[in-house]
Every structure is written in structure tokens, then in C-alpha cells.
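Structural overview
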Amino acid sequence: MQRIEPRPVDASTQAQQQGYASSSSAPGKPSNIPTGLASTGSQSHTQSFEEIYGVPENFLEIEISEAQTHQPSASPSSRYTTYLIRLSTNIPAFKLRRSEVRRRYSDFEVFRDLLERECARVSIPPLPGKVYLNRFDDAVIEERRKGLERFLKIVVGHPLLQTGSRVLGSFVQDPNWDRNAW
């Protein structure tokens, strides 16, 4: 029985087979420039413009921005901060493709409690901690915003919550969301 050795492949050919252009700056190493070749196992094909740059099959973008501090009455204890939640998606579990709603920290607390009760099998991440001193300081508000955004990205991206939660879509998309309606 005769043994057949594979023929040697140079680095540029190997890089092209993996879907990358060869790099002139570092010979022998593939760069991160896509060639338009897609590979599935031993078969490869040239990707179309739509495949490379088109809208992904499922996408979900969520961000929290534009913190605003409100003071509805003369009492200093009535001050609170709201955060703008922007959602853009094509996932069918969400009713709207794009939405913007404002929520305050206490809304997030109620939302998290509702999620825990509604989806006991899913571990819900913690919210950023409650702040008692200097809570209206810009740096404190920005840190809280980042923590709330981290929380929402995890929760909204979870497939079991997308399909199994009644409160999730409403919280991130309904401007008239009422914490007492749940």
C-alpha cells in the first residue's frame, strides 16, 4: 500500500483558502482582509455583495444614552434621572423594529424582579448598585448608565427571555409601560 503525502501549501494560498487576502506586510501570515470567499468544510464559494454587507439574519442593537435629571417639585427628594433606551432589531419576538423609551432606575428594579418571577429557569444578571451619595453627579450617572446598558444587553439578547417573557418587549419598547400593570 502506497502512502500519499499532501503537497505543501504556501501561506498565501492557505490564507486565500481560509477567506483572507495574503498580507504583504507580514509574509507567511494571513491578514484580516476578507476576500469574499466563504468556506463550509471542503467546499468554498464566492460571497455576494448582499451576503457580505447585507442585514444579518437576526440583529439586535440596544443602547442606553441621554440621561436626564428631573425635578417635578421644589422638594430635593423628588429628583430622579431617566435614561433613553434605543432598540433596533429584526427579531420577531419584538413588535417594533426601532423604538425609543425612557426609564428610571426604579423601573429597572421592578423589571428585574418581574423577570425573575416570570423566568425562574434563567439567571438574571444584577443591576448596578443603588447610589445614596452624590447620585446626581455626572460621573455617578454615567457609571450607572453603563451598568444598566450592560444589564439590558445581556437580558435582551437572551433567547429564552426573548421568547418566554411577556414583560421584556413591553419594557424596552412601550413608552407607556406601567410598572403597576404587572
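The structure contained in this document is the topic of the report that follows. (Residues numbered from 1 in each chain as written. Predicted model: local features only at pLDDT ≥ 70, side-chain atom pairs only at ≥ 80, totals over all residues. Heavy atoms only, no water.)

**Some remarks on the overall build of the protein chain**
Keep this limit in mind: A run of H or I in DSSP becomes a helix once it reaches four residues, and a run of E becomes a strand once it reaches two; helices and strands are each numbered from the N terminus. Between buried and exposed lies partly exposed: a residue is buried under 20% and exposed over 50% of the maximum accessible area for its type, with that area taken using a 1.4 Å probe on protein chains only. Residue contacts follow a heavy-atom distance rule, with two residues in contact if any of their heavy atoms lie within 4.5 Å. Reported accessibility uses the Shrake-Rupley method at a 1.4 Å probe radius. Residues are deemed covered only where the shown protein chains occlude them.
For the protein chain, the count of helices and strands is six helices and seven strands. Put simply, the protein chain runs from its N terminus to its C terminus through helices and strands in the order α-β-β-β-β-α-β-β-β-α-α-α-α. When the 182 residues of the protein chain are sorted by exposure, 31% land in the buried category. Considering only residue pairs separated by 6 or more positions, the protein chain has 50% of its internal contacts joining residues 24 or more positions apart. For the protein chain, the accessible surface area stands at approximately 12500 Å², while carbon and sulfur atoms represent 49% of it.

**Considerations on helix α3 (residues 105-118)**
Note the cut-off: A helix is expected to span 1.5 Å multiplied by its residue count minus one.
Helix length check: α3 (14 residues) gives 20 Å between terminal C-alpha atoms against 20 Å at 1.5 Å per residue, within 8%. Those residues of α3 that fall on the buried side of the exposure criterion are Tyr105, Ser106, Asp107, Phe108, Phe111, Arg112, Leu114 and Leu115.

**As for the side chain of Thr89**
Our working rule: Counting of polar contacts relies on pairs of N or O atoms within 3.5 Å, with two restrictions inside protein: one atom must be capable of donating a hydrogen and the other of accepting it, and residues adjacent in sequence are counted only when both atoms are side-chain atoms.
For Thr89, the position within the fold is in strand β6 (residues 80-89). Look at Thr89 and you get buried, because its relative accessible area is 1%. A distance of 3.0 Å separates a polar side-chain atom of Thr89 from the backbone nitrogen of Ile91. For Thr89, the residues in contact, after removing those within four places along its chain, are Phe59, Leu60, Phe94, Leu96 and Arg97.

**Considerations on the packing of aromatic side chains**
So the rule is basically this: Think of it this way: a Phe, Tyr or Trp ring, Trp meaning its six-membered ring, pairs with another when their centres are within 6.5 Å, and the plane angle makes it stacked under 30 degrees, edge-to-face over 60, tilted otherwise. Criterion for a charge above a ring: Arg CZ or Lys NZ at most 6 Å from the ring centre, at most 35 degrees from the ring normal.
The tally for this structure, following the rule as stated, stands at five aromatic pairs. Ring centres 4.0 Å apart and planes at 5° place the aromatic pair Phe111 and Phe171 in the stacked group. Of the two residues, Phe111 sits in helix α3 while Phe171 sits in helix α6 (residues 167-173), which places them 60 residues apart along the sequence. The burial state of Phe111 is the same as that of Phe171; both residues are buried. Ring plane angle 90° and centroid distance 5.0 Å describe the contact between Phe171 and Trp177, whose orientation is recorded as edge-to-face. Per residue, the accessibility class of Phe171 equals that of Trp177, and both read buried. In textbook terms, an aromatic cluster arises when at least three aromatic residues are bridged by ring pairs, as seen for Phe108, Phe111, Phe151, Phe171 and Trp177. Cation over ring: Arg104 sits above Tyr80, and NZ or CZ is 3.8 Å from the ring centre. Arg144 extends its terminal NZ or CZ atom over the ring of Tyr105, reaching a point 3.7 Å from the ring centre.

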